[in-house]
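The chain contents come next:
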Amino acid sequence: MSELKFKTNINCDSCIKSVKPFLDEVVGKNNWKVDTSDEKKILTVTTSEDEEDVVEAVTDAGFKIRKLEN
């Protein structure tokens, strides 16, 4: 498992509810979180899935996403 971080435009509880079924399906429940208090709206994902699967799930939910480089 690895921890991936992404900058998103998921900025409120309603947005989180919208993206939840997409991310839960790809990475599983309790394996992701969004820090809506951070100006970059950081999505942190713990997964063994490919980062492209995470990007596709968030994009399919209607949000923007970009991988943060360490």
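Before reading on, note that the structure itself is shown above.
Note that this is a predicted model, so its numbers are computed, not measured.

1. Let's talk about helix H1 (residues 13-27)
Note: α-helices contain 3.6 residues per turn, so residues at a spacing of three or four share the same orientation. By the largest-angle criterion, Lys-20 marks the main kink of H1, which is about 45 degrees, and a proline, Pro-21, follows within four residues. Turning to H1, its buried residues number three or more, namely Cys-15, Ile-16, Val-19, Leu-23, Asp-24 and Val-27. As for H1, its buried residues are in contact with strand S2 (32-35), strand S3 (42-47) and helix H2 (51-60). At the C-terminal side of H1, Gly-28 shows a positive phi close to 95 degrees.

2. Thoughts on the pattern of salt bridges
Scanning the model with the defined rule gives two salt bridges in all. Of the charged contacts, one joins Glu-3 and Lys-5 as a salt bridge, the two residues approaching to 3.9 Å between their closest N and O atoms. Judged by relative accessible area, Glu-3 falls into the exposed class, the value being 52%. The exposure class of Lys-5 is partly exposed, given its relative accessible area of 32%. Between Asp-24 and Lys-20 there is a salt bridge, and its shortest N-O distance comes to 2.5 Å. Residue Asp-24 and its partner Lys-20 are located together in helix H1, separated by four residues, close to a single helical turn. A residue is classified by how much of its surface remains accessible, and Asp-24, at 14% relative accessible area, is buried.

Here is what the cut-offs are and how they apply
Residues numbered from 1 in each chain as written. Predicted model: local features only at pLDDT ≥ 70, side-chain atom pairs only at ≥ 80, totals over all residues. Heavy atoms only, no water. Bend = angle between axes of the 7 residues up to and from the residue. Helix = DSSP H or I, 4+ residues; strand = E, 2+ residues; numbered from the N terminus. Buried < 20%, exposed > 50% of the residue type's maximum accessible area, 1.4 Å probe, protein only. Contact = heavy atoms within 4.5 Å. Salt bridge = Lys/Arg side-chain N within 4 Å of Asp/Glu carboxyl O.

Note that every value here comes from positions in space, so none of it alone points to a role or purpose.
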